Amino acid sequence: MNNYVKLLNNLEKLKLIKTKENLDNYIDLINDNKKTLVDALYELTNQELEFKNTKAITALVRMAGFPYYKTFEDFDFSFQPTINKEEILDFKNLRFIENKENILFVGSPGVGKTHLATSIGIQAASNRHSTYFISCHDLITNLKKANYENRLADKIKNYEKYSVFIIDEVGYLPIDIEGANLLFQLINKRYEKHTTIITTNKPFGQWGELFGDNMIANAILDRLVHHSHIINITGKSYRTKNLIVDSENDNCN
Ligand SMILES: Nc1ncnc2c1ncn2[C@@H]1O[C@H](COP(=O)(O)OP(=O)(O)O)[C@@H](O)[C@H]1O
Ligand SMILES: [Mg+2]
């Protein structure tokens, strides 16, 4: 086996996929005196790093479990004038992660809560922050299951480690006292350590009713609201946007 073949094998073993792919091209460039060895190695390593970074980001975004891939650019701020666009776009800087701040989206269905929470999550994952998206209902189901199987501590430890943890749709389905207690344990563990983002259709004043217990609702809210950005969206549903336009057209006809 000659050294060229051995080199290809080494690159394969070292998982330097891009370098292996680009090697021939750079050998030709060096042979033609178009690149120095240093320049060639620098460019090859740069391309490898870029490839690995893109791969890691793709994996982080996939593993986060977003319901759809939507970014800030896909959001029509003019449709939702109660939103402070600058405040939302500042989330792109991810300062909230450094400051361990929470973000709470409150508003009726269809106003863009999940969209914006997802956009923030994608931005975080794209900057290589571990991110996880889960509905409140699935989260509580998973915590309960772990509890019955005597592995609650491990489950919470797993959820606790994410830099950004998004709990979607708090309040769409009723939460029993066991669910409320489990949710409290997780929120308490994450408190002042990492960012938690929630979306809810229930104003905070109704959380006592939602959790069936004022004390636990207040305990959860206290920890969520302390060091947080609260985004109240009071506009119309984007989902029924076309229905409204259609009925307006109907009226015109
Ligand atoms: N202002 C907006 N601009 C563009 N798309 C929007 C806007 N608001 C909502 N949507 C879209 O409408 C749908 C419902 O929004 P979503 O964020 O899921 O609502 P909810 O507030 O119930 O979580 C999604 O497909 C979302 O991308
Ligand atoms: Mg939603």
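Predicted model only: the values in this text are computed from it and were never measured.

(A) Spotlight on the overall build of the protein chain. Counting its regular elements, the protein chain contains 12 helices and 5 strands. Expected size for 253 residues packed as a compact globule is a radius of gyration near 18 Å; at 24 Å, the protein chain overshoots this value by more than 25%. With respect to the three principal axes, the spread of C-alpha positions in the protein chain is 75 × 65 × 30 Å. Relative to its full complement of 253 residues, the protein chain shows a buried share of 26%. Across the protein chain, every contact between residues at least 6 apart in sequence was considered, and the portion connecting residues at least 24 apart equals 83%.

(B) A look at unusual backbone geometry. Although it is not a glycine, Arg128 adopts a positive phi angle of roughly 65 degrees. With respect to the helices and strands, the residue Arg128 is situated in the loop between helix H6 (113-126) and strand S2 (131-135). The backbone of His227 sits at a positive phi, close to 55 degrees, despite the residue not being glycine. Turning to its location among the elements, His227 is positioned in the loop between helix H11 (214-225) and strand S5 (228-233).

(C) Broad picture of the sheet that holds strand S4 (residues 195-200). Taken in spatial order, the 5 strands make up an open sheet running S2-S3-S4-S1-S5, and their pairing is parallel. Only two strands of the sheet have a single partner each, and these edge strands are S2 and S5. Taken over all neighbouring pairs, the strand axes of this sheet differ in orientation by 10 degrees on average, direction set aside. Sheet topology places strand S1 (residues 102-107) next to S4; 4 bridges connect them, and they run parallel. Note on S4: the bridge partner recorded for Ile103 is Ile197.

(D) Layout of the packing of helix H7 (residues 136-148) against helix H9 (residues 177-190). The N-to-C vectors of H7 and H9 enclose an angle of 95 degrees; their axes lie 9 Å apart at closest approach. In terms of axis orientation, H7 runs roughly perpendicular to H9. Counting all contacts with H7, which are made through Ile140, Leu143, Lys144 and Asn147, the residues of H9 involved are Glu178, Gly179, Leu182, Leu183 and Leu186.

(E) Region of interest: the site of ligand 1. Around ligand 1 there are 17 residues in total, and Asp76, Gly112, Thr114, His115 and Tyr238 lie nearest to it. For the shell around ligand 1, the leading source of residues is H6, giving 3 residues.

(F) The arrangement of H7 in detail. Across its 13 residues, H7 extends 18 Å between first and last C-alpha, which sits within 8% of the 18 Å expected from 1.5 Å per residue. Those residues of H7 not exposed but buried are Cys136, Leu139, Ile140 and Leu143. Looking down the long axis of H7, one finds its buried residues gathered within 95 degrees of arc, a one-sided arrangement. The outward face of H7, more than 90 degrees from its buried face, is lined by the exposed residues Lys145 and Tyr148. Packed against the buried residues of H7 are S2, helix H8 (152-160), strand S3 (164-170) and H9. Asn150, located one to two residues past H7, shows a positive phi value of around 55 degrees.

(G) Fine view of the domain arrangement of the protein chain. Assigned domains within the protein chain: domain 1 (3-62) and domain 2 (65-233). Using only C-alpha atoms to locate each centre, domain 1 and domain 2 end up separated by 40 Å. The interface is formed by 4 residues belonging to domain 1 together with 6 residues belonging to domain 2.

(H) Structural view of the packing of helix H3 (residues 37-64) against H6. One way to put it is that H3 packs onto H6 with a least axis distance of 8 Å and a crossing angle of 145 degrees. Two packed elements cross with a definite hand, and for H3 against H6 that hand is right-handed. Between H3 and H6, the contacting residues are Ile57, Leu60, Val61 and Ala64 on the first element and Gly121, Ile122, Ala125 and Ser126 on the second. Of the residues assigned to the contact of H3 with H6, the class counts are 6 nonpolar, 2 polar and no charged.

(I) Spotlight on the pairing of S4. With respect to burial, S4 is a largely interior element, 6 of its 6 residues being buried. A two-sided burial pattern is seen for S4, the buried positions comprising Thr195, Ile197 and Thr199 on one face and Thr196, Ile198 and Thr200 on the other. Bridge count between S3 and S4: 5 bridges; the pairing is parallel. The partner of Ile166 across the bridge, within S4, is Ile197. The handedness of the S3 to S4 crossover, carried by H9, is right-handed.

Calculation notes
- Residues numbered from 1 in each chain as written.
- Chains lettered and ligands numbered in written order.
- Predicted model: local features only at pLDDT ≥ 70, side-chain atom pairs only at ≥ 80, totals over all residues.
- Helix = DSSP H or I, 4+ residues; strand = E, 2+ residues; numbered from the N terminus.
- Rg over C-alpha atoms; globule rule 2.2 N^0.38 Å.
- Buried ≥ 20, exposed ≤ 12 C-beta atoms within 10 Å, placed from the backbone.
- Contact = placed C-beta atoms within 7 Å.
- Pairing = 2+ DSSP bridges.
- Axes fitted to C-alpha atoms, helices over the stretch in contact; angles between N-to-C directions.
- Parallel < 35°, antiparallel > 145°, perpendicular 65-115°, else oblique.
- Near = placed C-beta within 6 Å.
- Expected span 1.5 Å × (residues − 1).
- Arc of directions from axis to C-beta.
- Domains from an automatic or database assignment.
- Left-handed = near helix turned anticlockwise from the far one by under 90°.
- Nonpolar A, V, L, I, M, F, W, Y, C, P; charged D, E, K, R; others polar.
- Right-handed = clockwise from strand over helix to strand, strands pointing away.

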